Structure formats: C-alpha cells, structure tokens
Amino acid sequence: QLQASGGGLVQAGGSLRLSCSVSERISNMNSMGWYRQAPGKQRELVAVITSGGSTEHEDSVKGRFTISRDNAKNTVDLQMNSLKFEDTGVYYCQARKAWRVYWGQGTQVTVSS
C-alpha cells in the first residue's frame, strides 16, 4: 500500500515536498516513481529512483524537483522548488516490484500564477 501526502496550494515560485509512505520495505522495490496528471492530460512520469539509487527526472522539472528515498522510513519524497503553474495536477507515487506495479491514491498540487 502506498500513501501519498504533502500536496496543497502554493504560489508560483514556491515549494512543496511530497512524501510517499510504503507499507513494505522499499528496498524490495525495483523502482519508485512520482507521476502527475494535469486536467485533460495523460498521466506522465515526473521522476524515478531505482533500488540502486539512480534517479531520472523529466526534462521540465530538472533542476527544480528532486526525488529521494529513505529506506529506514520506507518513504520516497519529491522536493519541488520553483513551482510553476504548469506543475499543477494530481501527483501519484508508484512502486515497481518485478512485474507488479502499485499506485498510491494521489495528492493534489495546485500552483497559482
């Protein structure tokens, strides 16, 4: 089970930190990621972190967002700085374990311009 939190309303240029709490050891997961879905658009990958600690960030968030993990707490966070209006959407955390994919319930991020 994945539980996302930390969303909210923020002005452009502000920051938010999302957190995904996982009910089992994230060290068992092949990868953990954050996705987002803006109104009327498809869900897209924002950032991913592998079991080895490698990270990838979508081009539009590079230099602004940072994904990290805490194996002791079984959490994966997304630090979002310099937020833009176009970052608005529902953010979902995802876990991959072998062929299985798990999703959290989503947390709303709204950036006012």
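All values reported here derive from a predicted model rather than from experimental measurement.

Side note on the nonpolar core
Met32, Trp34, Val46, Phe65, Leu78, Met80 and Tyr91 are the most contacted members of the largest nonpolar core, which has 26 residues in total. Of all the secondary structure elements, the ones that give two or more residues to this core are β1 (2–5), β3 (16–22), β4 (31–37), β5 (44–50), β7 (65–70), β8 (75–80), β9 (89–97) and β11 (107–112). At four residues, the largest contribution of residues to this core is made by β3. Beyond its immediate stretch of four places on either side in the chain, Leu78 contacts Leu16, Arg17, Leu18, Trp34, Val46, Ala47, Phe65, Thr66, Ile67 and Tyr91.

What to know about the sheet that holds β8
Here four strands make up an open sheet; going across it, the order is β1-β3-β8-β7 and the pairing antiparallel. The strands lining the two open edges of the sheet, one partner per strand, are β1 and β7. The sheet shows a mean angle of 15 degrees between the axes of neighbouring strands, taken without regard to direction. Bridge count for β1 against β3 is four bridges, and the pairing is antiparallel. By the bridge assignment, Ser5 is partnered in β3 with Ser19.

Observations concerning the pairing of β9
Direction of pairing for β4 relative to β9: antiparallel, over a ladder of seven bridges. Opposite Gln37, over in β9, you have Val90 as the bridge partner. Across three bridges, β9 lies against β11 in antiparallel orientation. Opposite Gly89, over in β11, you have Val109 as the bridge partner. In the sheet, β9 pairs with strand β10 (residues 100–103) via four bridges, with the strands oriented antiparallel. Bridge pairing in β10 places Ala95 opposite Tyr102. Hairpin connection from β9 to β10: two residues lie between these consecutive antiparallel strands, with Ala98 at a positive phi of about 60 degrees.

Some words on the confidence of the model for the protein
Of the residues in the protein, 100% have a pLDDT of 70 or more, and the chain-wide mean is 96. Per-element confidence in the protein ranges from a low mean pLDDT of 95 for β1 to a high of 98 for strand β2 (residues 8–11).

A few points about the pattern of salt bridges
Counted under the stated rule, the structure contains six salt bridges. Here Arg36 makes a salt bridge to Glu44, at a shortest N to O gap of 2.8 Å. According to the relative accessible area criterion, Arg36 is buried, its value standing at 6%. Using a relative accessible area of 33% as the deciding quantity, one classes Glu44 as partly exposed. A salt bridge links Asp59 to Lys62; its shortest N-O distance comes to 3.1 Å. Note on accessibility: Asp59 and Lys62 belong to one class, exposed.

Quick look at the packing of aromatic side chains
For the coordinates displayed, the defined rule picks out two aromatic pairs. Ring centres of Tyr35 and Trp103 lie 5.0 Å apart, and the angle between their planes is 70 degrees; this geometry places the pair in the edge-to-face category. In this pair, Tyr35 sits in strand β4 while Trp103 sits in strand β10, placing the two residues 68 residues apart along the sequence. For Tyr35, a relative accessible area of 15% gives the class buried. A ring pair is formed by Tyr92 and Trp103, whose centres lie 6.4 Å apart and whose planes are at 90 degrees; its orientation type is edge-to-face. Here Tyr92 is found in strand β9, whereas its partner Trp103 is found in strand β10, with 11 residues between them in sequence. On the basis of relative accessibility, which here comes to 14%, the residue Tyr92 falls in the buried class. Overall, Trp103 belongs to the partly exposed group, its relative accessible area being 37%. Taking NZ or CZ as reference, Arg43 lies 3.7 Å from the ring centre of Tyr92, over its face.

About the cut-offs
- Residues numbered from 1 in each chain as written.
- Predicted model: local features only at pLDDT ≥ 70, side-chain atom pairs only at ≥ 80, totals over all residues.
- Heavy atoms only, no water.
- Core = buried A, V, L, I, M, F, W, Y, C linked by side-chain atoms within 4.5 Å.
- Buried < 20%, exposed > 50% of the residue type's maximum accessible area, 1.4 Å probe, protein only.
- Helix = DSSP H or I, 4+ residues; strand = E, 2+ residues; numbered from the N terminus.
- Contact = heavy atoms within 4.5 Å.
- Pairing = 2+ DSSP bridges.
- Axes fitted to C-alpha atoms, helices over the stretch in contact; angles between N-to-C directions.
- pLDDT = per-residue confidence, 0-100.
- Salt bridge = Lys/Arg side-chain N within 4 Å of Asp/Glu carboxyl O.
- Phe/Tyr/Trp six-rings, centres within 6.5 Å; stacked < 30°, edge-to-face > 60°.
- Lys NZ or Arg CZ within 6 Å of the ring centre and 35° of its normal.

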